[in-house]
Amino acid sequence: MKDYLIDTHAHLDMLKDFDISGVGKIVVPAVEVSTLDKVVSLSDIPNVFSMVGIYPSEAKTYTEEVEAKMIELAKNPKVVAIGEIGLDYYWDKSFVDLQKEVFIKQIKLANKLNLPIVVHDREAHKDCYDIVKEYNKNSKVLFHCFSGSVEFMQECVKQGWYIAIGGVVTFRNAVKIKDVAKEIPLNKLVLETDAPYLTPVPFRGKENKPAYTKYVAEEIARIREMQVEEIIDITTRNAEEFFNI
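Note that this is a predicted model, so its numbers are computed, not measured.

Conventions adopted
- Residues numbered from 1 in each chain as written.
- Predicted model: local features only at pLDDT ≥ 70, side-chain atom pairs only at ≥ 80, totals over all residues.
- Heavy atoms only, no water.
- Helix = DSSP H or I, 4+ residues; strand = E, 2+ residues; numbered from the N terminus.
- Rg over C-alpha atoms; globule rule 2.2 N^0.38 Å.
- Buried < 20%, exposed > 50% of the residue type's maximum accessible area, 1.4 Å probe, protein only.
- Contact = heavy atoms within 4.5 Å.
- Areas by Shrake-Rupley, 256 points an atom, 1.4 Å probe, with all protein chains shown as cover.
- Lys, Arg positive; Asp, Glu negative; His and termini not counted.
- Charge placed at Lys NZ, Arg CZ, Asp CG, Glu CD.
- Polar contact = N/O pair within 3.5 Å; in protein donor to acceptor, adjacent residues only side chain to side chain.
- Pairing = 2+ DSSP bridges.
- Axes fitted to C-alpha atoms, helices over the stretch in contact; angles between N-to-C directions.
- Phe/Tyr/Trp six-rings, centres within 6.5 Å; stacked < 30°, edge-to-face > 60°.
- Lys NZ or Arg CZ within 6 Å of the ring centre and 35° of its normal.
- Right-handed = clockwise from strand over helix to strand, strands pointing away.
- 1 Å grid on protein atoms, 1.4 Å probe; cavity = no way out; pocket = protein on both sides within 12 Å on 5 of 7 lines; lining within 4 Å.
- Points joined across faces, edges and corners; volume = space filled by probe spheres on them.
- Nonpolar A, V, L, I, M, F, W, Y, C, P; charged D, E, K, R; others polar.

Draft legend 1. Here's a closer look at the overall build of the chain. Along the backbone of the chain there are eight helices and eight strands. The C-alpha atoms of the chain give 17 Å as radius of gyration, which agrees with the globular expectation for 245 residues (18 Å, within 12%). If one aligns the C-alpha atoms of the chain with their principal axes, the spans along those axes are about 50 × 40 × 35 Å. In the chain, which comprises 245 residues, the proportion classed as buried is 56%. Within the chain, contacts between residues separated by at least 24 positions form 66% of all contacts whose residues are at least 6 apart in sequence. For the chain, the exposed surface amounts to about 10,900 Å²; the carbon and sulfur share of it is 49%. One finds the centroid of the 31 positive side-chain charges in the chain at a distance of 2 Å from the centroid of its 38 negative side-chain charges.

Right under this line is the structure:
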């Protein structure tokens, strides 16, 4: 039985407090060109792994040269996914077509490199779903910081995709994600913090960190009326299988 947690999504490069205790393994996503090298260098730390990818809000910076750099960085065996990539219609919808174009290019890159895909989907559920379904050929898929309905989760799971739940599930009024946590097939669930963002109760308002993954596990265990040790064991096994770590 696995007795350690995995934080599948923590922006260690953005943290002030670089404390990574309290979890067994951490995966660090990339979001922009300027920090790709830093994110990958963090995987020099034992039990820390990295992704390479360009965030949807940074789609305008994606070039052939950037893609070549990502391919080179992905030769590092501790680069375990392409992410976080996807669509974000919350901040700026003025270049949606470009976001889609860059998302598709990075899906194809993940397929070429035989790496999993970690999807950022904010207020773009249908378009994210449709694009991944159409263009992804051979990569495992994880929807990070899941914010969709139970019905959308079920459609994703039907495709074999994984779902990551973070600190939002601990928020008192977060009914939708609590429902998802209750209904999701456990073999498709992983945990995350998205540190330094979305800090769980009881630390809301402070900087999030990987050690707070345990509060996500505890809340999901409460919702499902399970032992927290069971949730830790299952989600850790899922994360290790997904990222091949």
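Structure shown, so let's carry the discussion forward.
Draft legend 2. Geometry of the side chain of aspartate 233. Positionally, aspartate 233 belongs in helix α8 (residues 228-243). The exposure class assigned to aspartate 233 is buried, which follows from its relative accessible area of 13%. Polar side-chain contacts of aspartate 233 include one of 2.7 Å to the backbone nitrogen of lysine 2. Non-local contacts of aspartate 233, meaning those with residues more than four positions away in its chain, are made with Met1 and Lys2.

Draft legend 3. Structural view of the sheet that holds strand β6 (residues 141-144). In space, the eight strands of this open sheet follow the order β1-β2-β3-β4-β5-β6-β7-β8, with parallel pairing throughout. This sheet does not close on itself; its edge strands, each paired only once, are β1 (6-7) and β8 (189-191). Two strands pair when backbone bridges link them, and β6 and strand β7 (residues 162-165) are joined in this way by two bridges, in the parallel orientation. Residue pairing for β7: leucine 142 is matched across the bridge by tyrosine 162. On the sheet, helix α4 (residues 125-135) packs against β4 (79-88), β5 (117-122) and β6 and is oriented at approximately 155° with respect to β5. Against the sheet, helix α7 (residues 213-224) contacts β1, β7 and β8, and its axis sits at roughly 145° relative to β8.

Draft legend 4. Representation of the side chain of histidine 11 in the model. Relative to the assigned elements, histidine 11 resides in the loop between β1 and β2 (25-28). Histidine 11 gets classed as buried once you look at its relative accessible area, which sits at 3%.

Draft legend 5. Expanded view of the packing of aromatic side chains. On inspection of all chains with the given rule, the structure shows 10 aromatic pairs. Ring centres 5.7 Å apart and planes at 10° place the aromatic pair phenylalanine 146 and phenylalanine 152 in the stacked group. Residue classification places phenylalanine 146 among the buried residues on the basis of a relative accessible area of 6%. Three or more aromatic residues joined by ring pairs form one cluster here, namely Tyr129, Phe143, Phe146, Phe152 and Trp161. When the ring centre of phenylalanine 95 is taken as origin, the NZ or CZ atom of lysine 60, which lies over that ring, is 4.5 Å away.

Draft legend 6. The arrangement of α4 in detail. Residues of α4 that are buried: Cys128, Tyr129, Ile131 and Val132. Those residues of α4 that are buried lie in contact with β4, α3 (96-113), β5, β6 and α5 (150-158).

Draft legend 7. Geometry of the pairing of β2. Of the two faces of β2, the one holding Lys25 and Val27 and the one holding Ile26 and Val28 are both buried throughout. Sheet topology places β2 next to strand β3 (residues 48-52); three bridges connect them, and they run parallel. In the sheet register, valine 27 faces β3, and the bridge partner there is phenylalanine 49. With helix α1 (residues 36-41) bridging β2 and the parallel β3, this β-α-β connection has right-handed handedness.

Draft legend 8. Focus on the layout of surface pockets. Size it by volume and the largest pocket reaches roughly 740 Å³. Residue lining of the largest pocket: 29 residues in total, with His120, Arg122, Cys145, Asp194 and Leu198 positioned closest to the centre. Elements with a contribution of two residues or more to the lining of the largest pocket: β5, β7 and α6 (175-183). At three residues, β5 tops the list of elements feeding residues into the lining of the largest pocket. Of the residues contributing to the lining of the largest pocket, the split by class is 14 nonpolar, seven polar and eight charged.

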